Amino acid sequence: MTHTRRDLLAGTAGVLAASATAGCTGQLRRIAGERSLEEGGYAAFFTLYDFARHVGGETFPVENPIPAGTMGHAYEAGPELATEVASHELFVYLDVEGFQRWALDAAATIERDYPEVELVDALDGVELLAADAAHAHGGDEGHETDGNDEHETGHDETGHDETGHDETGHDETAADRSGVDPHYWTDPVRASQSVENVRAGMEAADPDNADVYADNAESYRNRLEDVHATFEDGLADRGHETVVLAGHNSYRYLADRYGFTVHSPQGVSPHAEPSQDEISATIDLVDRERIDVILADHFGSNDLANTIVRESTASEVREVSPAEGTTAEWNDRGWGYVEQLTEITLPALQAGLGVNG
């Protein structure tokens, strides 16, 4: 007879009543010697949570600790959250420097002290782009990215090329993930690999329900294929190849996937402040390319976008979502990652790129 992790956790002391031991999830605790775990898991921010809830369904509950209205990278968690995360069966996070320090610290603690908790690095097998070098290092020029720029194909001093692969073509390891753009999830094709990573983690934590997680993951990955096809069709007949984003550029992976260019005076870093020269260059680009719609991030300020519209020939600001967080309104509508891409970001991109029809 094969004993699952949940069997072993339950076998030492049995199952205690939820009223006596329930934690944040309200599920029964499982006991392993002196160590107890809550059923289910945590995901480090909304996007990973949405992937995981579709894979886990009603069988494997997952929680998102980030409040509605807050971006994943902007959330500062205290040590009590790391303790709560380590008390569950699974934790999904991104093993990349410079993004969610609390999640990296929690994962390091789990790896060191709590091997019974299943760690899922959602980035396993995902091809990453190099960070915007100009803004990552304080450069003062506006940056346009389409994933195919010549400055993104060189090699750094570690011997890795700037697409996140080493010279032999292998994916970078977690230890090599410095200086990369973490916003891969805006590309539904790359996001599909994360869904597979979550499925594998849930199967490892609960092999008795492996078929459930496999079926759920397949269904959701099929939805992501449909999203990919919708973007391909929806962005095909565009009037120009450059979209102007007045905010930090979380959309380079979309540009890389669908072959357009994002111009952002701010660059990848959410903490960068565009200079007056960068703003002026953006206004010149808008006038020169006759771009009518300026994009702004829903989770950021529209002030810069409104300034560009006021000082250029553009006439409108439209909001896009990086699908890194959620809002109370979107929750009420039942919108998740897929709906944010298809109902918010795609129509805005179509307007920004002058899609006909």
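What counts as what
Residues numbered from 1 in each chain as written. Predicted model: local features only at pLDDT ≥ 70, side-chain atom pairs only at ≥ 80, totals over all residues. Heavy atoms only, no water. Helix = DSSP H or I, 4+ residues; strand = E, 2+ residues; numbered from the N terminus. Buried < 20%, exposed > 50% of the residue type's maximum accessible area, 1.4 Å probe, protein only. Areas by Shrake-Rupley, 256 points an atom, 1.4 Å probe, with all protein chains shown as cover. pLDDT = per-residue confidence, 0-100. Contact = heavy atoms within 4.5 Å. Core = buried A, V, L, I, M, F, W, Y, C linked by side-chain atoms within 4.5 Å. Polar contact = N/O pair within 3.5 Å; in protein donor to acceptor, adjacent residues only side chain to side chain. Phe/Tyr/Trp six-rings, centres within 6.5 Å; stacked < 30°, edge-to-face > 60°. Axes fitted to C-alpha atoms, helices over the stretch in contact; angles between N-to-C directions. Nonpolar A, V, L, I, M, F, W, Y, C, P; charged D, E, K, R; others polar. Pairing = 2+ DSSP bridges. Right-handed = clockwise from strand over helix to strand, strands pointing away.

Residue-level account of the overall build of the protein chain, with values.
What the protein chain contains, in helices and strands, is 13 helices and 12 strands. When burial is assessed residue by residue, the protein chain has 50% of its 357 residues classed as buried. Approximately 15,500 Å² of the protein chain is accessible, and the part contributed by carbon and sulfur atoms is 44%.

Pulling in residues and values, what's your account of the confidence of the model for the protein chain?
Looking at the protein chain, the pLDDT average stands at 80 and 74% of residues meet or exceed 70. Every residue in residues 1-34 is under pLDDT 50, and counting partners more than four places away or in other chains gives 69 contacts. Note on residues 133-142: pLDDT is under 50 here. Beyond four places in sequence and across chains, it has 17 contacts.

So, the nonpolar core: which residues are in play, and what are the values?
In this structure, Leu48, Phe91, Leu94, Tyr184, Phe260 and Tyr337 are the most contacted members of the largest nonpolar core, which totals 70 residues. The contact partners of Leu94, leaving out residues within four places of it in the chain, are Phe45, Leu48, Phe99, Leu104, Asp121, Ala122, Leu123, Pro182, Tyr184 and Trp185. Counting 14 residues, the second-largest nonpolar core is a separate cluster that includes Val244, Ile283, Ile294 and Ala296.

Now, about the side chain of Ser312: what can you tell me, with residues and values included?
Here Ser312 is to be found in the loop between α11 (303-311) and β12 (316-320). Side-chain polar atoms of Ser312 contact the backbone nitrogen of Ala314, separated by 3.1 Å. Beyond its immediate chain neighbours, meaning those up to four positions away, Ser312 contacts Ile283, Val286 and Asp287.

An account of the packing of aromatic side chains is requested, with residue identities and associated values reported.
As enumerated under the stated definition, the model contains 12 aromatic pairs in all. With centroids separated by 5.1 Å and ring planes inclined at 80 degrees, the aromatic side chains of Phe51 and Tyr337 adopt a geometry described as edge-to-face. Linking Phe51 in helix α3 (residues 46-56) with Tyr337 in helix α13 (residues 337-352), this pair joins segments that are 286 residues apart in sequence. Looking at Phe51, the relative accessible area reads 0%, which means it is buried.

So what's going on with the packing of α3 against α13? Which residues, and what values?
Direction vectors running N to C along α3 and α13 enclose 115 degrees, while the axes themselves pass 9 Å from each other. On α13, the residues touching Phe46, Thr47, Asp50 and Phe51 of α3 are Tyr337, Val338 and Gln340. Across the contact of α3 with α13, the residue classes break down as four nonpolar, two polar and one charged.

Please set out the side chain of Thr326 residue by residue, giving values where relevant.
In this structure, Thr326 sits in the loop between β12 and α12 (328-333). Overall, Thr326 belongs to the buried group, its relative accessible area being 6%. Looking at Thr326, its side chain comes within polar contact range of the side chain of Asn331, at 2.9 Å.

Summarise the pairing of strand β10 (residues 261-264); cite the residues concerned and give the values.
Strand residues, when the strand is regular, have side chains that alternate between the two faces of the sheet. Residues Thr261 and His263 of β10 are buried on one face, and the alternating residues Val262 and Ser264, pointing to the opposite face, are buried as well. Pairing between strand β9 (residues 242-244) and β10: three bridges, direction parallel. What sits directly across from Val243, in β10, is Val262. The parallel pair β9 and β10 is bridged by helix α9 (residues 252-258), and the resulting crossover is right-handed.

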